[in-house]
Amino acid sequence: MTIHYELPTTADFAALAGVHHPAITVYLSTSPVVSERERSEVAARSAFDEAIEQVRSNGASSAEVAALRAERDAVIGDQRLWGGLARSMAIFVAPGFNEVFVLPNRLDDAWHVGSHFTLGQLLRAPSQDQEAFALTLSAHEWSLWHATPTDRAAKLEIDQSGAANLDEATNREPNEDKPRGANRGTSSQGGASRLMGDEGRKTLLDQYSKRVIEIARRELLARDPDERVPVFVFAAEPLLSLFLANTRNSRRVIAVPGSPDRLGPAEVDEALRLQLSKLNVHEAEQTLRVLTEGTAGRVERDLAAIGREAADGAVETLWFDFTTSVNGTLDQESGAIEFASDHGSGETLVDGTHAGDLLPQLALLVISKGGKVVTVRSDDLDGTVWAGPAMAELRFALA
């Protein structure tokens, strides 16, 4: 059994593609919290048992069933695996074949039996943003966090000198060595009490937010100079609005209202993954809206046509609904598609050839030709911008 803690690569997808009859695919939502490990193990065993029973009822030989049970036992019994969970697992088992991916993004619980592995959900991990910064901000303290495709959110070690909290930030000028206010005679409590009332506190919070932005921007640019990675700001009002009003850069900054004072690493990571998922859906919908409303001749929805264009390297971006399956075979050279029986819902072609889900096959072909793939859940999208199961943006407009 091979356990992957990195995002799946092109080589990984190549190993998973093709016929693996009988093949079992299990997607499982998990948690890094130790107390929830048992639930994940039980769910995995239950999914495997149901899948193996279906394989047996479909006429598999005793040897094939025994081989699948052996692979199941290898997964369930591997304590290395269960001791290092993230937010989901993708498990691919066939006789003599066992690959497990531990992933940071949330996947839907599902299992599938067929001649091919079901790869739609696995393609979500590398096709969407899985990296983000978080800034948790309150009057008491603030912190920067970084979550990556392979690691949970961790607090960054940064120099907060002069701005570790509201009192410190408003009791000093930038680069000033000594506290202000001691010679002003207005308070013995330091800068945070020099101005009284709502307006006075708002002024102090505004000053504090500017100091935090100054430091955070410097730290983020050092780690992400292209400002590619979004930052989610967790703060309560009015500090959140003041922070956003003072922010001036091209980085995507997304507000998450609410007090962050009691958020630990697990809670920050959970919230970040949820917010990343929402951001991915929003950006996909916005892109699709622009594409469908203003790019005549560069949108293709017919799967057979998408296959031909993909083989020619003419697909810029392929969007597909990972909750939908259309079975068939795809010729990697010509892009020709042959649909399975029952209009693509059957498991085999008319001649009995094993058929797999065409949408991941198309996605892998697009990727091999230098195109981009984005997975979507059709239920998350506005019906005016999506008419599945797939849509392709072509590099050149059709004549």
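Residues numbered from 1 in each chain as written. Predicted model: local features only at pLDDT ≥ 70, side-chain atom pairs only at ≥ 80, totals over all residues. Heavy atoms only, no water.

J.: Describe the packing of aromatic side chains, naming the residues involved and giving the relevant values.
T.: The tally for this structure, following the rule as stated, stands at four aromatic pairs. Taken together, a centroid distance of 6.0 Å and an interplanar angle of 90° make the contact between Tyr-27 and Phe-92 edge-to-face. A residue pair is termed long-range when its members are at least 10 positions apart, and Tyr-27 in strand E2 (residues 23-29) and Phe-92 in strand E3 (residues 88-94) qualify at 65 residues. For the pair formed by Tyr-27 and Phe-92, the shared burial category is buried. Ring centres of Phe-97 and Phe-117 lie 5.4 Å apart, and the angle between their planes is 35°; on these two criteria the pair is classed as tilted. Placement of the pair is Phe-97 in strand E4 (residues 97-103) and Phe-117 in the loop between strand E5 (110-114) and helix H5 (124-127), with a sequence separation of 20 residues. Ring pairing ties together the aromatic residues Tyr-27, Phe-92, Phe-97, Phe-101 and Phe-117, which thus form one cluster. (Phe/Tyr/Trp six-rings, centres within 6.5 Å; stacked < 30°, edge-to-face > 60°. Helix = DSSP H or I, 4+ residues; strand = E, 2+ residues; numbered from the N terminus. Buried < 20%, exposed > 50% of the residue type's maximum accessible area, 1.4 Å probe, protein only.)

J.: Report on the packing of helix H2 (residues 37-57) against helix H3 (residues 62-76), specifying residues and quantitative values.
T.: Remark: H2 packs on H3, axes separated minimally by 10 Å, with the N-to-C direction vectors making an angle of 175°. Judged on the interaxial angle alone, H3 and H2 are roughly antiparallel. Contact residues: Glu-41, Ala-44, Arg-45, Phe-48, Asp-49, Ile-52, Val-55 and Arg-56 in H2; Val-65, Leu-68, Arg-69, Arg-72, Val-75 and Ile-76 in H3. (Axes fitted to C-alpha atoms, helices over the stretch in contact; angles between N-to-C directions. Parallel < 35°, antiparallel > 145°, perpendicular 65-115°, else oblique. Contact = heavy atoms within 4.5 Å.)

J.: So what's going on with the environment of Gln-275? Which residues, and what values?
T.: Tracing the backbone through its elements, the reader meets Gln-275 in helix H9 (residues 265-294). C-alpha separation for the pair Gln-275 and Val-256, spaced 19 residues apart in sequence, amounts to 8.3 Å. When neighbours within four sequence positions are excluded, Gln-275 is seen to be in contact with Phe-232 and Val-256.

J.: Explain the packing of helix H7 (residues 197-223) against helix H8 (residues 239-246) residue by residue, including any values.
T.: Between H7 and H8, the least distance of the axes is 9 Å, while the angle of their chain directions is 50°. As the angle between them shows, H7 and H8 are arranged oblique. For the crossing formed where H7 meets H8, the hand is right-handed. Listed contacts from H8 to Lys-202, Leu-205, Asp-206, Tyr-208, Ser-209, Lys-210, Val-212 and Ile-213 of H7 are Leu-239, Leu-242, Phe-243 and Asn-246. A per-class count over the contact of H7 with H8 returns seven nonpolar, two polar and three charged. (Left-handed = near helix turned anticlockwise from the far one by under 90°. Nonpolar A, V, L, I, M, F, W, Y, C, P; charged D, E, K, R; others polar.)

J.: Lay out the sheet that holds strand E16 (residues 372-376) in plain terms, naming residues and giving numbers.
T.: Pairing within the open sheet is mixed, and its four strands lie in the order E11-E17-E12-E16. Only two strands of the sheet have a single neighbouring strand rather than two, namely strand E11 (299-300) and E16. Its contacts with the sheet place helix H10 (residues 303-311) against E11, strand E12 (315-321) and strand E17 (390-394), and it is angled at close to 40° to E17. Most of the contacts of helix H12 (residues 358-368) go to E12, to which it runs at about 160°, and overall it touches E12, E16 and E17. (Pairing = 2+ DSSP bridges.)

J.: So what about H10? Which residues, and what values?
T.: Turning to H10, its buried residues number three or more, namely Leu-303, Ala-305, Ile-306, Gly-307, Ala-310 and Ala-311. In this fold, the buried residues of H10 make contact with E11, E12, strand E13 (327-330), strand E14 (337-339), H12 and E17. The N-cap residue of H10 is Asp-302: its side-chain oxygen and the backbone nitrogen of Ala-304 are 3.3 Å apart. Following H10 by one or two positions, Gly-313 adopts a phi angle in the positive range, close to 75°. (Polar contact = N/O pair within 3.5 Å; in protein donor to acceptor, adjacent residues only side chain to side chain.)

J.: Describe the pattern of salt bridges, listing the residues and the values that go with them.
T.: Considering all chains together, one arrives at 21 salt bridges under this definition. The partner of Asp-269 in a salt bridge is Arg-273, with the nearest N and O atoms 3.4 Å apart. Within this pair, Asp-269 and its partner Arg-273 are both found in helix H9, separated by four residues, close to a single helical turn. Take Asp-269 and Arg-273: they sit in the same class, and that class is buried. Overlapping salt bridges, with partners in common, bring together Asp-49, Arg-72 and Asp-73 in one network. (Salt bridge = Lys/Arg side-chain N within 4 Å of Asp/Glu carboxyl O.)

J.: Report on the side chain of His-116, specifying residues and quantitative values.
T.: By the element assignment, His-116 lies in the loop between E5 and H5. Relative accessible area serves as the criterion here: at 13%, His-116 is assigned to the buried category. Within polar-contact distance, the side chain of His-116 engages the side chain of Ser-115 at 2.8 Å. A polar contact is formed between the side chain of His-116 and the backbone oxygen of Ala-355, at a distance of 3.4 Å. Once residues within four sequence positions are removed from consideration, His-116 is found in contact with Gly-18, Val-19, Ala-23, His-354, Ala-355 and Gly-356.

J.: Please provide a residue-by-residue account of the sheet that holds E13, values included.
T.: Strands sit in the order E14-E13-E15 across an open sheet of three strands; the sheet is antiparallel. Of all the strands in the sheet, the pair left with one neighbour each is E14 and strand E15 (356-357). Two strands pair when backbone bridges link them, and E13 and E14 are joined in this way by three bridges, in the antiparallel orientation. From the neighbouring strand, Leu-330 faces E14, where its bridge partner is Ile-337.

J.: Residues and numbers for the pairing of E16, please.
T.: Of all the five residues making up E16, four are buried; the element is thus mostly covered by neighbouring parts of the structure. As paired strands, E12 and E16 are joined by five bridges and run parallel to one another. Its bridge partner lying in E16, Trp-319 is registered against Val-374.

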